[in-house]
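# Architecture at a glance
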Amino acid sequence: LDHYLFILVTKFITMVKIVAISGSLRAASFNTGLLRSAQLLAPKGVEFIIANVSLPLYNTDIELSPPPEVIAFQELVKSADAVLLASPEHNYLPSAVIKNAIDWGTRSFPASGGGPVSVWNDKPAALISAGGGVGGLRAQYVLRQTAVFLNLHVLNKPEVGVQIWGANQIFDP
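Being a predicted model, the structure only gives us computed values, none of them experimental.

Let's shift gears to the packing of aromatic side chains. Within this structure, the stated rule accounts for two aromatic pairs. Pairing Y58 with W104 gives two aromatic rings, centres 5.0 Å apart and planes at 75°, and the pair type is edge-to-face. Separated by 46 residues along the polypeptide, Y58 in the loop between β2 (46-50) and α3 (68-79) and W104 in helix α4 (residues 96-105) bring together distant segments of the chain. Accessibility expressed as a relative area gives 25% for Y58, which makes it partly exposed. Residue class for W104 comes out buried when judged on its relative accessible area of 0%. Seen from the ring of Y92, R138 lies directly overhead, with NZ or CZ sitting 3.9 Å from the centre.

A separate point is the nonpolar core. The biggest cluster of nonpolar side chains holds 26 residues, and the ones touching the most others in it are V19, I21, F73, V77, V83, W120 and L152. When contributions to this core are tallied by element, the ones reaching two or more residues are β1 (16-22), α3, β3 (82-86), α4, β6 (124-131) and α5 (137-150). In terms of residue count, the dominant contributor to this core is α4 (five residues). The residues contacting V19, other than those within four sequence positions of it, are I49, A51, L76, V77, A80, A82, V83 and L84.

So, about unusual backbone geometry. A cis amide bond, omega -5°, links K157 with the succeeding residue P158. Here the phi dihedral of N91 falls at roughly 55°; this positive angle occurs in a residue that is not glycine. In this structure, N91 sits in the loop between β4 (89-90) and β5 (93-94). At N151, a position not held by glycine, the phi torsion is positive, near 65°. Secondary-structure assignment places N151 in the loop between α5 and β7 (153-154).

Cut-offs applied
Residues numbered from 1 in each chain as written. Predicted model: local features only at pLDDT ≥ 70, side-chain atom pairs only at ≥ 80, totals over all residues. Heavy atoms only, no water. Phe/Tyr/Trp six-rings, centres within 6.5 Å; stacked < 30°, edge-to-face > 60°. Helix = DSSP H or I, 4+ residues; strand = E, 2+ residues; numbered from the N terminus. Buried < 20%, exposed > 50% of the residue type's maximum accessible area, 1.4 Å probe, protein only. Lys NZ or Arg CZ within 6 Å of the ring centre and 35° of its normal. Core = buried A, V, L, I, M, F, W, Y, C linked by side-chain atoms within 4.5 Å. Contact = heavy atoms within 4.5 Å.

Now the structure itself:
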């Protein structure tokens with residue numbers, strides 16, 4: 001992960017702000033654990049924030065006046081120089097938690113009026129995951145497809161998928 005963050009940092013000359021988003025709300029989440037590890041490994045000059053994604057389910061009835069936690073999340077992502085997404089794999093897909101965060105991030109309405117603005121637009125991004133089998137990589141492939149629409153610029157390599165079950169478990173959340 002140290003090399004992974006270094007790649008993000010070298011794209012910038014000044015202090016870099018990385019906002020990390022876990023696709024799991026579970027207290028002992030391996031994906032949140034990956035983000036905590038990345039936070040500890042972040043080099044000097046990196047502000048690394050793990051976002052709170054305890055957001056209400058996306059609902060168009062409230063998108064024009066979203067709850068404060070949604071506005072705080074949108075502002076945090078908007079202020080980031082780059083994002084790091086960590087998602088478990090649920091039925092070959094990213095988790096509902098990360099999908100919900102993505103949806104809220106595409107529906108930020110500027111105070112000046114006008115249509116929705118995506119907080120994801122034109123941001124560098126990296127993907128990591130922890131899970132069974134292939135370590136959540138199938139969820140990452142779906143996120144890569146979604147990133148095209150969001151105009152997120154996802155690093156192609158390395159692909160980081162940590163297998164968390166079995167005799168060779170090397171990771172503790």
